[in-house]
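For reference, the chains in residue letters:
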Amino acid sequence: MNFNYNYAPTPAPWCGYTNSVSLPNIPHCWHHSYNPACFCGGWECCPEQYSQYYSHYSAPYPNTDAMKRRSENSNNVEEPAKKTFWAAGLLAAMEDPQCIVKQDDKIVIIQDKYPKAEFHYLVLPREDISSINKLNREHLPLLEHMEAVGQEIAKEHPNHKFQFGYHALASMIRLHLHVISDDFNSLSLKTKKHWNSFTTSFFISSQDLIEIIKRDGKAKEISRSHAKELMDTPLKCHKCKMMLSNMPKLKQHLLVHRLKEKHATEK
DNA sequence: GTTCTAGAAC
DNA sequence: GTTCTAGAAC
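Read on for a plain summary of the structure. Quick caveat: nothing in here was measured; it's all calculated off a predicted structure.

Calculation criteria
- Residues numbered from 1 in each chain as written.
- Chains lettered and ligands numbered in written order.
- Predicted model: local features only at pLDDT ≥ 70, side-chain atom pairs only at ≥ 80, totals over all residues.
- Heavy atoms only, no water.
- Helix = DSSP H or I, 4+ residues; strand = E, 2+ residues; numbered from the N terminus.
- Buried < 20%, exposed > 50% of the residue type's maximum accessible area, 1.4 Å probe, protein only.
- Areas by Shrake-Rupley, 256 points an atom, 1.4 Å probe, with all protein chains shown as cover.
- Contact = heavy atoms within 4.5 Å.
- Pairing = 2+ DSSP bridges.
- Axes fitted to C-alpha atoms, helices over the stretch in contact; angles between N-to-C directions.
- 1 Å grid on protein atoms, 1.4 Å probe; cavity = no way out; pocket = protein on both sides within 12 Å on 5 of 7 lines; lining within 4 Å.
- Points joined across faces, edges and corners; volume = space filled by probe spheres on them.
- Nonpolar A, V, L, I, M, F, W, Y, C, P; charged D, E, K, R; others polar.
- Phe/Tyr/Trp six-rings, centres within 6.5 Å; stacked < 30°, edge-to-face > 60°.

Quick look at the overall build of chain A now. When helices and strands are tallied, chain A shows eight helices and six strands. In chain A, buried positions account for 45% of the 267 residues. Total accessible area on chain A stands at roughly 15000 Å², and carbon and sulfur atoms take up 52% of it.

This part takes up helix α5 (residues 192-199). Every buried residue belonging to α5 is among Trp195, Asn196, Ser197 and Phe198, and all of these are buried. For α5, the secondary structure elements touched by its buried residues are β3 (120-125), β4 (162-167), β5 (177-181), β6 (203-205), α7 (224-231) and α8 (247-266).

A word on the sheet that holds β6. Strand order in the open sheet made by the six strands is β1-β2-β3-β5-β4-β6, with antiparallel pairing throughout. Every other strand in the sheet has two partners, leaving β1 (100-103) and β6 as the edge strands with one partner each. Across this sheet, the average inter-strand angle for adjacent strands is 30°, counted without regard to direction. Two strands pair when backbone bridges link them, and strand β2 (residues 107-111) and β3 are joined in this way by five bridges, in the antiparallel orientation. Residue pairing across strands places Ile110 opposite Leu122, the latter belonging to β3. Together, β4, β5 and β6 form the strand contacts of helix α6 (residues 206-216), whose direction differs from that of β6 by roughly 75°.

Time to look at empty space enclosed by the protein. Evaluated as defined, the whole model comprises four cavities of 30 Å³ or more. Roughly 70 Å³ of volume is contained in the largest cavity. Here the lining of the largest cavity is built from residues that sort into five nonpolar, four polar and two charged.

For the rest of this paragraph, the subject is the packing of aromatic side chains. On inspection of all chains with the given rule, the structure shows five aromatic pairs. Arranged with centres 6.4 Å apart and planes meeting at 35°, the rings of Phe119 and Phe162 form a pair that is tilted. Taken together, the residues span a long stretch of sequence, with Phe119 in the loop between β2 and β3 and Phe162 in strand β4 at a distance of 43 residues. Taking relative accessible area as the criterion, Phe119 reaches 22% and is therefore assigned partly exposed. Relative accessible area serves as the criterion here: at 15%, Phe162 is assigned to the buried category. On the numbers, 5.7 Å between centres and 50° between planes, the contact of Phe198 with Phe203 is tilted. Exposure class is identical for Phe198 and Phe203. Each is buried. Through successive ring pairs, a cluster of aromatic residues spans Phe184, Trp195, Phe198 and Phe203.

Here it is as structure tokens:
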């Protein structure tokens, strides 16, 4: 992965090491639980500091070179960049063979690191498109292709229904199409925000986005305040519209549908 | 995006 | 007292 200054990776705040030259090749994907874009290399560079913040993890080995660099730079600590590093996690993941499920010359498909359902893929264009804001009519063939490969991978799970769509205000850099099974059976599905991001109008179906681009020639991310309104929507089952008062109850309720569908497919 | 946790809700 | 979540920190 080549370093791209547009994404302004942030040195870990506790690490004094700053580097104004260039970032070496990034050998790891974000699955290795540290900031792949950090100048200091993430927590491997600062094991003692890392364990201070995250005592339940332990550093694999002390990186003495990095500690020395940090010491040399200790009087020259730059303010961390505003753009937070985690937002660039997808860029690292789509470069890592371990993360890639499928790819072609236009797109890369990865598994969501924190799947919100039994199957949850992300289709990312190789073209540097940061978000739906950057789309225009020239991207229509790409958007159609992204959905087509998404449909293809969904077909590998014939007992599951899938949703294909984009978040109206995405957190991660690089346009990504969610391909997610509608069971929403996952330990990583925890919060109201998770739920509402897939079951309210915050989730723009792939077909809808394509129609919007065809019609208007562009699409616009929603405002933070509108996003918050949608995230605060009361919890409602996406299948039977039943209202649930909290996430544990909602997740328990989802079991009803899972059992019902399991029964139906076994008939 | 996730983790963590204070304090709200029960 | 326990469960749950919102918001800050990362």
